[in-house]
Amino acid sequence: NGTVYWSDLARNTIYGADITSGSSWSIVEHGLMGVNGLAVDSVNRKLYWTDSGRKRIEVAEMNGTNRKALIVRELDSPRALAVNSQTGHLVWVDWGASPKIERSDLDGGSRGVLVSSGLGWPNGIAFTPTDGRIVWADSKLGRLEMIDLNGSNRRLLVQDLESPYGVAILENFVFWTDWKTKT
């Protein structure tokens, strides 16, 4: 809809901006303590986010109304999350004491752990557009990995990275940012 969304950790606020005019506005500015992940479901017109300070995953309309907590139990340090509108799934990473990657339905139901071993600091996460596979960055282990939506077929994509952080997928390409090299 011509809008870019982001979170500001210093202000604990989620913002939107019109990409044509540049005008920006706050969407959610109360009750946040560390929005580390933000995902847009443009099909259902929802915003999803992780709040590592409050240890929860929330959802709201794209204008911030009808806000509600989806996941509030058994989260330690939720970070990035991704939405797959086609399959109706939400995935997120948690790099707490027991790092894991989890999945639920878009309403928070049918929650399950996809990966719970061989993780350091799982961070960025994204869905592949064609087959809905899940790609994530592990900042501590310096690698990018991929699994199927059901958690099977784990595959190493790239290794020996300094500190991969964010992940994005466009067509058949995976892009990532690196915390240490600032690239």
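Preceding this paragraph is the structure being described.
Computed from a predicted structure; not experimentally measured.

Draft legend 1. Representation of the sheet that holds strand S7 (residues 68-71). The four strands lie next to each other as S4-S5-S6-S7, forming an open sheet whose pairing is antiparallel. Among the strands making up the open sheet, the edge pair consists of strand S4 (35-41) and S7. Between one strand axis and the next, the sheet turns through 25° on average, direction left out of account. Sheet analysis places strand S6 (residues 56-61) next to S7, joined by three bridges and oriented antiparallel. Residue Val 59 lies in a different strand from S7, and its bridge partner there is Lys 68.

Draft legend 2. Looking closely at the pairing of strand S5 (residues 46-51). Within S5, five of the six residues are buried, which leaves it mostly tucked inside the rest of the structure. In terms of strand pairing, S4 meets S5 through six bridges, oriented antiparallel. Bridge pairing in S5 places Asp 41 opposite Lys 46. Hairpin connection, S4 to S5: the antiparallel pair is bridged by four residues, and Arg 45 has positive phi, about 60°. Bridge analysis of S5 against S6 gives six bridges, and the strand direction is antiparallel. Note that in S6 the partner of Thr 50 across the bridge is Ile 57. Taking the residues between adjacent antiparallel strands as the criterion, S5 and S6 are bridged by four residues, where Lys 55 takes a positive phi near 55°.

The rules behind each value
Residues numbered from 1 in each chain as written. Predicted model: local features only at pLDDT ≥ 70, side-chain atom pairs only at ≥ 80, totals over all residues. Heavy atoms only, no water. Pairing = 2+ DSSP bridges. Helix = DSSP H or I, 4+ residues; strand = E, 2+ residues; numbered from the N terminus. Axes fitted to C-alpha atoms, helices over the stretch in contact; angles between N-to-C directions. Buried < 20%, exposed > 50% of the residue type's maximum accessible area, 1.4 Å probe, protein only.

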